[in-house]
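# Coordinate inspection notes
Below are the chains, spelled out letter by letter.
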Amino acid sequence: MSTLLIQNGRIIDPANGVDQIGDLFIVNDLLANRADFHGEIERVIDATGLIVSPGLIDPHVCFREPGFEEDETIRSGAFAALAGGFTAVACLPDTVPAVDTRAAAEFVIRQAKRARSCRVLPMGSVTKGHLGQELAEMGQLSDGGAVGFSDGKRPIANAEVMRRALQYTSIWNKPILHHAQVPELAHAAVMHEGFQATLLGLPGMPAAAEEIMVRRDIALAETTGGRVHWMSISSFRSVEEIKKAKDRGLLVTADVTPHHLLLTDKALSNYDTNYKVDPPFRTEEHRQALLAGLVDGTIDIISSDHQPLSAEKKSLEFDHAPFGISSLDTFLPLCVEALITPGLLDWPGLLRKLTINPALLLGVKAGRLDVGRPADITLIDPHEIWTIDTQKFHSRSTNTPFANRPAQSRVKYTIVSGEVRYDWKIHSK
């Protein structure tokens, strides 16, 4: 029997409305009541000055394995997630081959178990080969452990395919995580369509590409009763439409990334491909709407949208470089900079977006600190000041625009199933 006592921390458990100084006790892999235990405690962590939170959960990351191991593997990505404070992540299925069979989903689970880092939950492809034409074997994927369905960064353009997918997934009460984008409006675009794109001479993607798809998905969700979750929302009109849909009681949710909360299309002025993301950074008007949507609850979750890419791929000309930011290592301090520092959210409000809300989306027994629950816990120093150094990333890729940026807050310990799997004093580079 293993035992762990976390003492004197600021326990924040948004699911249960807890924000107080106290202790947490763990026996083996579960949270336990210390009063029921009378033996010797194996390990004690003094959490004075630290926030003790349910383990952070990310509803969509890309780990690239199989097919693109030069960018990331399940092992390297899962450890980067641990360092970022995540005890569980849902892995998008846009690999080669795609996760469109039960065997492919089980491969992700096996690789994650071998890595012994955070929990890696497979997402199943909505369509075979994520090509958008023919539905994958969704029942088999669900049986194989898929917590939801997605075609990754490929939008499901065919409305009939999306309608049937929503009908099927409603059987298991699992969400479709959708990249809302009309392909014809986004074709060849590399940034937001507007003044900055004209100034830089780059092809732009109108916000309407996202907004039209969001409206279509809302109509299909209303027709089918299925669950739609939009990944990385970027447009102010999308926020407005999602709010209206929620007010009508539809089963829709959305997330946003820290980088979309901090940056606008002006950041691309130097043609730095590390700022090239999909959806693109938009104008200040859009950024402010995203912040407001988080504060009022329209946007439920903050996701890293971790898209690791090798230096060789990001070194191409701007038009040809792929989209994406490696964001697990920088996730928490960027959330703090965008939301805590300006006073838009307090720590309980922020952690709700990172714990119980993604747990409810994915249907996992996590995101809260009840006795008898799996002991997945993150300990955070909210005051530590440091500088983002890509040489110390745990991810295999370092494609970020935030290198050398001052940061506040650092993950100190990440505990999965009662085991300390990340200890900053040991594992920091």
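Rules used throughout
- Here the residue index of a chain counts from 1 through its sequence in written order.
- Only residues with pLDDT of at least 70 get local features here, since the model is predicted, and only at 80 or more are side-chain atom pairs given and counted; chain-wide, interface and lining totals rely on the full set of residues.
- Only hydrogens and water are set aside when side-chain values are computed; all heavy atoms of the structure are taken into account.
- The secondary structure listing takes helices from DSSP runs of H or I that are at least 4 residues long and strands from runs of E that are at least 2 residues long, numbered from the N terminus.
- Exposure classes here rest on a 1.4 Å probe applied to the protein chains alone. A residue is buried below 20% of its type maximum, exposed above 50%, and partly exposed in between.
- In protein, a polar contact means a hydrogen-donor-capable atom and an acceptor-capable atom, both N or O and within 3.5 Å, with residues adjacent in sequence counting only if both atoms are side-chain atoms; elsewhere, any N or O pair within 3.5 Å suffices.
- Two residues qualify as a contact provided that any one of their heavy atoms is within 4.5 Å of a heavy atom in the partner residue.
- The disulfide criterion used throughout: a pair of cysteine sulfur atoms within 2.5 Å.
- Note on pairing: DSSP must find at least two bridges between two strands before they are called paired.

This brings us to the side chain of Glu384. Here Glu384 is to be found in strand β17 (residues 377–387). Since its relative accessible area comes to 18%, Glu384 is described here as buried. Within the structure, the side chain of Glu384 is placed 2.9 Å from the side chain of Arg410, a separation counted as a polar contact. When near neighbours in sequence (up to four residues on either side) are disregarded, Glu384 contacts Ala407, Gln408, Ser409, Arg410, Lys412 and Trp424.

Attention shifts here to the state of the cysteines. One pass over the full model with this rule turns up zero disulfides. In this structure Cys118 is a free cysteine whose sulfur lies 9.2 Å from that of Cys91, the closest cysteine sulfur available. For Cys118, a relative accessible area of 3% translates into the label buried. Of all cysteine sulfurs in the structure, the one in Cys118 sits closest to Cys335, which takes part in no disulfide; the separation is 16 Å. Accessibility expressed as a relative area gives 0% for Cys335, which makes it buried.

Before going further, it helps to spend a moment on helix α13 (residues 347–354). Of all eight residues that make up α13, seven are buried, and the element is covered over most of its length. The residue sitting at the N-terminus of α13 and contributing the capping side-chain oxygen is Asp346; that oxygen lies 2.8 Å from the backbone nitrogen of Gly349.

A few words now on the sheet that holds strand β15 (residues 252–256). Within a sheet, neighbouring strands are paired by backbone hydrogen bonds and run either parallel or antiparallel to one another. Pairing in this open sheet of six strands is parallel, and the strands run β9-β10-β11-β14-β15-β16 from one edge to the other. Sheet topology places β9 (124–125) and β16 (301–302) at the edges, where each strand pairs with a single neighbour. Pairing of strand β14 (residues 228–230) with β15 involves three bridges; the strand directions are parallel. Counted as the bridge partner of Val228 is Val252 from β15.

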